[in-house]
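These are the residues of each chain, in order.
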Amino acid sequence: MPHRAPHTTSTTESGSFCTARCTCGWRGPARRARSQARTDAERHLADVAAGPGTGADPERPLE
Ligand SMILES: [Zn+2]
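Below you will find a few notes about this structure. Keep in mind the model is a prediction, meaning the values are calculated, not measured. (Residues numbered from 1 in each chain as written. Predicted model: local features only at pLDDT ≥ 70, side-chain atom pairs only at ≥ 80, totals over all residues.)

## Details of helix α1 (residues 34-50)
Thought 1: Along its 17 residues, α1 runs 24 Å from first to last C-alpha, staying within 8% of the 24 Å computed at 1.5 Å per residue.
Thought 2: Buried residues of α1: Ala 37, Asp 40 and Ala 41, and no others. In a view along the axis of α1, the buried residues occupy a sector of 95°, so they form one face of it. Those residues of α1 that are exposed and angled more than 90 degrees off the buried face are Ser 35, Glu 42, Arg 43, Ala 46, Ala 49 and Ala 50.
Thought 3: Contact partners of the buried residues in α1: β1 (9-14) and β2 (17-22). (Helix = DSSP H or I, 4+ residues; strand = E, 2+ residues; numbered from the N terminus. Expected span 1.5 Å × (residues − 1). Buried ≥ 20, exposed ≤ 12 C-beta atoms within 10 Å, placed from the backbone. Arc of directions from axis to C-beta. Contact = placed C-beta atoms within 7 Å.)

Structure below.
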């Protein structure tokens, strides 16, 4: 079973703000500049590429 979720990011404009989002459900903060939203998306991709262990999701319950 593949553990990897596809991460495809895109930016969505809402009013004068731009938000980065990913197919995995991740969403970045609203930014005024699309370039900033793209930076958020690239950072998200870098985070998931780094894999679990570093920067674990704080909202994930421990088992
Ligand atoms: Zn993602």
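## What to know about the environment of Thr 12
Thought 1: In this structure, Thr 12 sits in strand β1.
Thought 2: Taking the C-alpha atoms as reference, Thr 12 lies 9.3 Å from Ala 30; in sequence the two are 18 residues apart.
Thought 3: When sequence neighbours within four positions are dropped, the list of residues in contact with Thr 12 reads Thr 19 and Arg 21.

## Overview of the pairing of β2
Thought 1: Here β1 runs beside β2; their pairing, made up of 6 bridges, is antiparallel. Looking at the pairing, Thr 9 lines up with Cys 22 of β2.
Thought 2: Between β1 and β2, which pair antiparallel in sequence order, lie 2 residues; one of them, Gly 15, sits at a positive phi of approximately 65°. (Pairing = 2+ DSSP bridges.)

## Some remarks on the environment of Gly 25
Thought 1: In this fold, Gly 25 is placed in the loop between β2 and α1.
Thought 2: We classify Gly 25 as exposed; it has 7 C-beta atoms within 10 Å.

Without other data, these values stay purely geometric and don't point to any function.
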